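Residues per chain are reported as follows:
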Amino acid sequence: MNERLIQHKDVQLCTQSFGQVGRPTVLLIMGATASMLWWDTSFCQQLARKGYFVIRYDNRDVGQSTTYTPGPPPYQLDDLVDDAMAIINGYGLGQAHLVGMSLGGLIAQMAALKYPRRVKSLTLISTGPWGDSDPTIPEMDQRIVAFQAKRGEVDWTDEQAVVEYMSQGAHLMSGRKPFDKNRHEQLIRTEFKRATNYVSMFNHAFLQGGEEYYGRVSEIKQPTLLIHGTDDVIWSYKHTDVLLAELDDAHRITLEGTGHELHAADWDKIISGIADHLSSVADQ
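Residues numbered from 1 in each chain as written. Predicted model: local features only at pLDDT ≥ 70, side-chain atom pairs only at ≥ 80, totals over all residues. Heavy atoms only, no water.

1. Focus on the pattern of salt bridges
Side chains carrying opposite charge are able to pair once their charged atoms draw close together.
Now for step 1: Taken as a whole and assessed by the stated rule, the structure comprises 14 salt bridges.
Now for step 2: Put simply, Arg60 and Asp83 hold a salt bridge, and the shortest N to O gap is 2.7 Å. Linking Arg60 in the loop between β4 (53-57) and α2 (77-90) with Asp83 in helix α2, this pair joins segments that are 23 residues apart in sequence. As far as the burial class goes, Arg60 and Asp83 line up, both buried.
Now for step 3: Between Asp82 and Lys114 there is a salt bridge; the shortest N-O distance is 2.9 Å. Placement of Asp82 in helix α2 and of Lys114 in helix α3 (residues 103-114) is noted, with a sequence separation of 32 residues between them. (Salt bridge = Lys/Arg side-chain N within 4 Å of Asp/Glu carboxyl O. Helix = DSSP H or I, 4+ residues; strand = E, 2+ residues; numbered from the N terminus. Buried < 20%, exposed > 50% of the residue type's maximum accessible area, 1.4 Å probe, protein only.)

So, in structure tokens, the structure goes:
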């Protein structure tokens, strides 16, 4: 594992890479409020051992990338798309396969539209279309909305209080597979200690922009793999039906009983699925 800071205009983006430069590149883009640590180190190593050069990174306002004063941030979704491309440029790479989870999946879709020659394929995990979806699909579970509304009651300088609150949130987002409370608490504690300004992650809730690419999913031509849990309470599994209908070249892997999470029990299926997908792209 190698760490590298990428300078992009007035922003520093903290990245880590796994595997050998020169192999096909996989850029992992995590979702809102979550640092790159949620792409577990072991997950990244296993994916790299499939023959890929894997990069994970902190989006703005999380981890050790540039952070801003809590509140509406001075950047938009479009800037996060450009950040992803800046990382590819910073490593001196021409193209990359993008793997995005949740908000990361939306960023990946926009990147495929804005930089079509630089994005070789997409893998979209636990996300939906950047555009209108089926209005009959359930929105975010109200338990999550109620939980998030309580964050103002948390002392964000108190490590233990933060760990307890964030672990409760992770549990709510999990599906029917066993929830590893100790593992999540350890990850959150590590993330809390590592972050430059932990509470700045909530700036992602104010994100706007990306209108230029909204509703243009059908224009995406890159081969796309959809990976989604049946018990996702943030992005309903049914959004994959919309994506499959919109995309010309897409297929789906279903994670039975999985929520809005990268559950360790699914790693083999996810990693093998990504490797098979990228292998099929290489053969085209």
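Here the narrative resumes.
2. A look at the packing of helix α5 (residues 159-173) against helix α6 (residues 181-194)
Now for step 1: Running from N to C, α5 and α6 cross one another at 130 degrees; their axes reach a closest spacing of 9 Å. Taken together, the axes of α5 and α6 are oblique relative to one another. Along this stretch, α5 crosses α6, giving a crossing that reads as right-handed. Across from Glu159, Gln160, Val162, Val163, Met166, Ser167 and Ala170 in α5, the residues of α6 making contact are Lys181, His184, Glu185, Ile188, Arg189, Phe192 and Lys193.
Now for step 2: Looking at the contact of α5 with α6 residue by residue, the class counts come to 6 nonpolar, 3 polar and 5 charged. (Axes fitted to C-alpha atoms, helices over the stretch in contact; angles between N-to-C directions. Parallel < 35°, antiparallel > 145°, perpendicular 65-115°, else oblique. Left-handed = near helix turned anticlockwise from the far one by under 90°. Contact = heavy atoms within 4.5 Å. Nonpolar A, V, L, I, M, F, W, Y, C, P; charged D, E, K, R; others polar.)

3. Some details on the state of the cysteines
Now for step 1: Scanning the entire structure with this criterion turns up 0 disulfides.
Now for step 2: The cysteine Cys14 is free of any disulfide, with Cys44 supplying the nearest cysteine sulfur at 13 Å.
Now for step 3: Judged by relative accessible area, which is 0%, Cys14 ranks as buried.
Now for step 4: For Cys44, a relative accessible area of 0% gives the class buried. (Disulfide = S-S within 2.5 Å.)

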